[in-house]
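Letter by letter, the chains look like this.
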Amino acid sequence: MFKFKEIILNTLAVGSLAVATSTSAQDELILLGTKGGPSLYSPKALPQSSAIVMNDDVYVVDAGYGASYRLLEAKVPLQNIKAIFITHLHSDHILDYPALLMNSWLSSLDHEIKVYGPKGTKAMTEKLLEAYSVDIKLRYQDEGREPLSKFLKVYEFDEGDVYQDKNVTVTAKRVPHKPFKMGEAFAFKFDTAKKQKIVFSGDTNYYPPFAKFAQNADILVHEVAHTEGIDRLAKRMGYGPSFRDAVIAHHITPQDVGKTATNAHVKQLVLSHIVPVGDPELSDAVWKKDIGEFYKGEVTVGQDGMVIPLK
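Every value quoted in this text rests on a predicted model; they were computed, and no experiment measured them. (Residues numbered from 1 in each chain as written. Predicted model: local features only at pLDDT ≥ 70, side-chain atom pairs only at ≥ 80, totals over all residues. Heavy atoms only, no water.)

Undergrad: Can you help me understand the overall build of the chain in this one?
TA: From N to C terminus, the chain includes nine helices and 16 strands. Its C-alpha atoms give the chain a radius of gyration of 19 Å, near enough to 19 Å, the size a compact globule of 311 residues would have. Each of the three principal axes of the chain carries a C-alpha extent, and together these read 60 × 45 × 40 Å. Taken over 311 residues, the chain has a buried fraction of 55%. (Helix = DSSP H or I, 4+ residues; strand = E, 2+ residues; numbered from the N terminus. Rg over C-alpha atoms; globule rule 2.2 N^0.38 Å. Buried < 20%, exposed > 50% of the residue type's maximum accessible area, 1.4 Å probe, protein only.)

This is the structure we're talking about:
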């Protein structure tokens, strides 16, 4: 099922694997970064980001640190980015957002990138353009480039239909993710022209209404957090109970992910935004066992660079 391979601003209110390189143009889901949380331990696992590639158009979902680099590793041209979807404004989901904008602009971008995010995305983008204004101005004055703002359109959305083109229709769903207020964190559903349904949970607690949103998904990319693993992580990093309790309260256990996937009748469950990564006691078999208590379908434990063909 998978392999590895090496501002114009508006507000829109709307309701053990071998490494291989793909040589064929195919529609695919790429897990760019699968680590949950902003801290960096190893280049093997970078913070959360995914991409759907269809007909050479690239749709990025979240932009954790390293997303640009992972796209290059996957041989996906940055100038092919068509839209960016941000689930919420935690740093592990947006640190590479400015890099995606700047790098795509400086890679012969010739079309508008549409950006969809919750309230605050518009202000964030304005501040980023201001922060990089010296470079941007010098490059369009000295090199004859068009200003970066010409290639951006940013939308802030609410629950409901968000985006549509010839490849995909994208819908957003509010999900609970403290300390954000309800309506500041979202899941996304991509209904493709080939009648596939790919759903991204974003960061969330166990939330039964989400199962209806993800109903009959061909692929559900879901975050997951292991309680005992978080205990061990807190001790290794010298953090106290407040850190442990906050992380556990803000995320979802494997068992509850299994319940969600079963209630949604999901065909394939893909784990990403995994908390914690790098724990030797949390093998793929452990994740699958815990989820398997409640979900009997196909489970894929995500890793950076993993490619899942969209048939």
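This is not the end of the story, as more comes after the structure.
Undergrad: Looking at this structure, how should I read the side chain of Asn 205?
TA: For Asn 205, the location among the structural elements is in the loop between strand 12 (197–200) and helix 5 (208–213). The class for Asn 205 is buried, based on a relative accessible area of 16%. In this structure the side chain of Asn 205 is engaged in a polar contact, spanning 2.4 Å, whose partner is the backbone oxygen of Ala 249. In contact with Asn 205, not counting residues within four places along its chain, are Pro 176, His 177, Lys 178, Ala 249, His 250, His 251 and Ile 252. (Polar contact = N/O pair within 3.5 Å; in protein donor to acceptor, adjacent residues only side chain to side chain. Contact = heavy atoms within 4.5 Å.)

Undergrad: Before we go on, may I ask you to explain the nonpolar core in this structure?
TA: Generally speaking, nonpolar side chains in soluble globular proteins are found buried as a group. In this structure, Val 58, Leu 71, Ile 81, Ile 84, Tyr 97 and Leu 100 are the most contacted members of the largest nonpolar core, which totals 33 residues. For this core, the leading source of residues is helix 2 (residues 97–105), giving five residues. Beyond its immediate sequence surroundings of up to four residues, Tyr 97 is in contact with Ala 63, Ile 84, Ile 86, Val 115, Met 124, Thr 125, Leu 128 and Val 154. (Core = buried A, V, L, I, M, F, W, Y, C linked by side-chain atoms within 4.5 Å.)

Undergrad: Honestly, the environment of Asn 263 in this entry has me stumped. Any pointers?
TA: Among the structural elements, Asn 263 can be located in helix 8 (residues 254–263). Apart from residues no more than four positions distant in its own chain, Asn 263 is found in contact with Tyr 206, Ala 211 and Gln 215.

Undergrad: Please explain the packing of aromatic side chains as it appears in this structure.
TA: Centre-to-centre distance and the angle between the planes together describe a pair of aromatic rings. Applying the stated rule across the entire model yields twelve aromatic pairs. Taken together, a centroid distance of 5.7 Å and an interplanar angle of 80° make the contact between Phe 85 and Tyr 163 edge-to-face. With Phe 85 in strand 6 (residues 81–85) and Tyr 163 in strand 9 (residues 160–164), this residue pair connects regions lying 78 residues apart in the sequence. According to the relative accessible area criterion, Tyr 163 is buried, its value standing at 7%. Chaining the aromatic ring pairs together yields one cluster made of Tyr 59, Phe 85, Tyr 116, Tyr 155, Phe 157, Tyr 163, Phe 186, Phe 188, Phe 190 and Phe 200. (Phe/Tyr/Trp six-rings, centres within 6.5 Å; stacked < 30°, edge-to-face > 60°.)

Undergrad: I would appreciate a short explanation of unusual backbone geometry in the present structure.
TA: Most of the time, phi is negative for any residue but glycine, and the peptide bond is trans. For the peptide bond that leads from Lys 178 to Pro 179, omega is 10°, which places it in the cis range. Between Val 275 and Pro 276 the backbone carries a cis peptide bond, its omega angle lying at -10°. Counting through the fold element by element, Pro 276 comes out in the loop between strand 14 (268–275) and helix 9 (284–292). Unusually for a residue other than glycine, Lys 75 sits at a positive phi of about 60°.

Undergrad: Would you take a moment to explain a nonpolar patch on the surface for this structure?
TA: Taken together, the side chains of Leu 40, Tyr 65 and Leu 95 present a nonpolar region at the surface, about 300 Å² in accessible area. Mapped onto the elements of the fold, Tyr 65 is located in the loop between strand 5 (57–61) and helix 1 (67–73). A residue is classified by how much of its surface remains accessible, and Tyr 65, at 43% relative accessible area, is partly exposed. (Patch = residues over 30% accessible without salt bridge, like charges linked within 9 Å, V, L, I, M, F, W, Y side chains within 5 Å. Areas by Shrake-Rupley, 256 points an atom, 1.4 Å probe, with all protein chains shown as cover. Salt bridge = Lys/Arg side-chain N within 4 Å of Asp/Glu carboxyl O.)

Undergrad: What exactly am I supposed to notice about helix 9 here?
TA: Structurally, the α-helix is built with 3.6 residues per turn, so residues lying three or four positions apart point the same way. For helix 9, every residue scored as buried is listed here: Trp 287, Asp 290, Ile 291 and Gly 292. Each element contacted by the buried residues of helix 9 is listed here: strand 13 (219–225), helix 8, strand 14 and strand 15 (298–301).

Undergrad: Which parts of the structure should I look at to understand the sheet that holds strand 14?
TA: Strand-to-strand pairing in sheets goes through backbone hydrogen bonds, with the strands running parallel or antiparallel. Read across the open sheet, the seven strands follow the order 9-10-11-12-13-14-15; overall the sheet is mixed. Each edge of the open sheet is held by one strand with a lone partner, namely strand 9 and strand 15. In this sheet, adjacent strand axes meet at a mean angle of 25° when their direction is disregarded. (Pairing = 2+ DSSP bridges. Axes fitted to C-alpha atoms, helices over the stretch in contact; angles between N-to-C directions.)

Undergrad: Would you take a moment to explain the pairing of strand 4 (residues 49–54) for this structure?
TA: The side chains of a regular strand alternate, first on one face of the sheet and then on the other. Burial analysis of strand 4 places six of its six residues in the buried class, which makes it a mostly covered element. Along strand 4, one buried face is formed by Ser 49, Ala 51 and Val 53 and the opposite face, lined by Ser 50, Ile 52 and Met 54, is buried too. Here five bridges tie strand 3 (residues 28–33) to strand 4, and the two strands are oriented antiparallel to one another. In the sheet register, Leu 31 faces strand 4, and the bridge partner there is Ser 50. Relative to strand 5, strand 4 runs antiparallel, the two being bridged by five bridges. Residue pairing in the sheet places Met 54 in a bridge with Asp 57 of strand 5.

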